[in-house]
Amino acid sequence: MRKIIIDTDPGIDDALAILLALSAKEELDVLALTTVNGNVDVEKVTKNAFKILDVAGRADIPVYKGNGKPLVRENSMPADCHGDDGLGNIGMTDSDRMPEEESAADFLIRKVREEKGEITLVPIGPLTNIAEAVQKDPEFVSNVKEVIIMGGAVYGGNVTPHAEFNFWVDPEAAKIVFQAGFNNLVMIGLDATKYVWLDPVLRELLYQIHTPASRFIHKVTRVYADAHWGYGQKLGCELCDALVTAYLLDENVLDTIDAFVEVETQGLCDGASVVYPVTKFTDKGINCKVAVSADTKKFFEIFFGYLFPEYLEIVRTIQG
Ligand code: RIB
Ligand code: CA
């Protein structure tokens, strides 16, 4: 059983990552959600976190509100693919729950100190909260068991030709995290998440499964699929963050390389993750593992296998 804290900016793919994590009750103990400015502002993101927990019936899981802006920069532009409310504009009622008093960074610092070497951090939004915790507590890095990030890319970006959204929103935070010296840091970026594509057939299956969770996923991905069609006339949508949860459940879902990663914080390539594979750049050393590809079929077997296990055989038939 892995104890995890998901640092998140829900966000439609964040919602799927969280629901998948909550469905894996034997494998993952979700201690809390910490929220961060990213896809939309931190107020909306925090409300969305509670809505997702309400869908999963998990009012027992606390939410800690984090940073409303990047570490040093002025605020960022919201993402354009999650709807104005950040959760597909499906008109969900706000939860009556409130975030805890403690800030996200202070909670992260306290919790990993209380359970040294036990907790996996799962940041699937900009790294502002994680970087703040690194800066505030000199022992934070050594208290953390592992950090499994959705962000960055070896090649390309999705906001600029070189920058992925989570790193683009707060490059200084990402730079701090990769320089901090975490023992077990895994960067799951666009080179891998591009294989995690929810196509129209699997999305229709979610509708036909007809449970609150499946219908929620079908509904929130409408806006997300529309945005992806606008990007490149491709049907479906990329479930970036959910790949992180799938990796926690089965590391064989993706291929990784040992590498040294630095993050650019200025100029034309601002927000770019510069990846030095150790096999080629031996002098740079290693500060993380980087995902270079993912197994689409395995991902959806994990996704449906945990969330809707009685439909796993249909998924296997659909995927061929
Ligand atoms: O680039 C993909 C990332 O940006 C995901 O975390 C998605 O939620 C958006 O925040
Ligand atoms: Ca996210």
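Residues numbered from 1 in each chain as written. Chains lettered and ligands numbered in written order. Predicted model: local features only at pLDDT ≥ 70, side-chain atom pairs only at ≥ 80, totals over all residues. Heavy atoms only, no water.

Caption draft 1: Up close: the sheet that holds strand β5 (residues 146–150). Pairing is mixed in the open sheet, where nine strands are placed in the order β3-β2-β1-β4-β5-β6-β11-β9-β10. With one partner strand each, in any of the chains shown, β3 (63–65) and β10 (273–277) form the two edges of the open sheet. On average, each strand axis in the sheet is inclined to that of its neighbour by 30°, with strand direction left out of account. Pairing analysis gives three bridges linking strand β2 (residues 28–35) to β3, with the strands arranged parallel. Directly across from threonine 35, in β3, lies its bridge partner lysine 65. (Pairing = 2+ DSSP bridges. Helix = DSSP H or I, 4+ residues; strand = E, 2+ residues; numbered from the N terminus. Axes fitted to C-alpha atoms, helices over the stretch in contact; angles between N-to-C directions.)

Caption draft 2: Representation of the coordination of the calcium ion (ligand 2). Protein coordination at the calcium ion (ligand 2) comes from Asp9 (OD), Asp14 (OD), Asp14 (OD), Ile124 (O) and Asp241 (OD), with a distance range of 2.3 to 2.5 Å. Mapping the donors of the calcium ion (ligand 2) onto the primary sequence yields the spacing D-x4-D-x109-I-x116-D. With aspartate 14 in helix α1 (residues 12–23) and isoleucine 124 in the loop between β4 (119–123) and α4 (128–136), the pair connects residues that are 110 residues apart, well separated along the chain. Judged by its relative accessible area of 0%, aspartate 14 falls in the buried class. (Donors = N, O, S within 2.8 Å, 3.2 Å for Na, K, Ca; no water. Buried < 20%, exposed > 50% of the residue type's maximum accessible area, 1.4 Å probe, protein only.)

Caption draft 3: Region of interest: the side chain of lysine 111. Examined against the element boundaries, lysine 111 turns out to sit in helix α3 (residues 104–114). For lysine 111, a relative accessible area of 17% gives the class buried. Look past the residues within four positions of lysine 111 in its chain and what remains in contact with it is Ile5, Leu31 and Ile119. (Contact = heavy atoms within 4.5 Å.)

Caption draft 4: Highlighting the environment of methionine 98. When you line up the elements, methionine 98 lands in the loop between β3 and α3. When its relative accessible area of 63% is taken as the criterion, methionine 98 is described as exposed. For the pair methionine 98 and aspartate 226, spaced 128 residues apart in sequence, the C-alpha separation works out to 31 Å.

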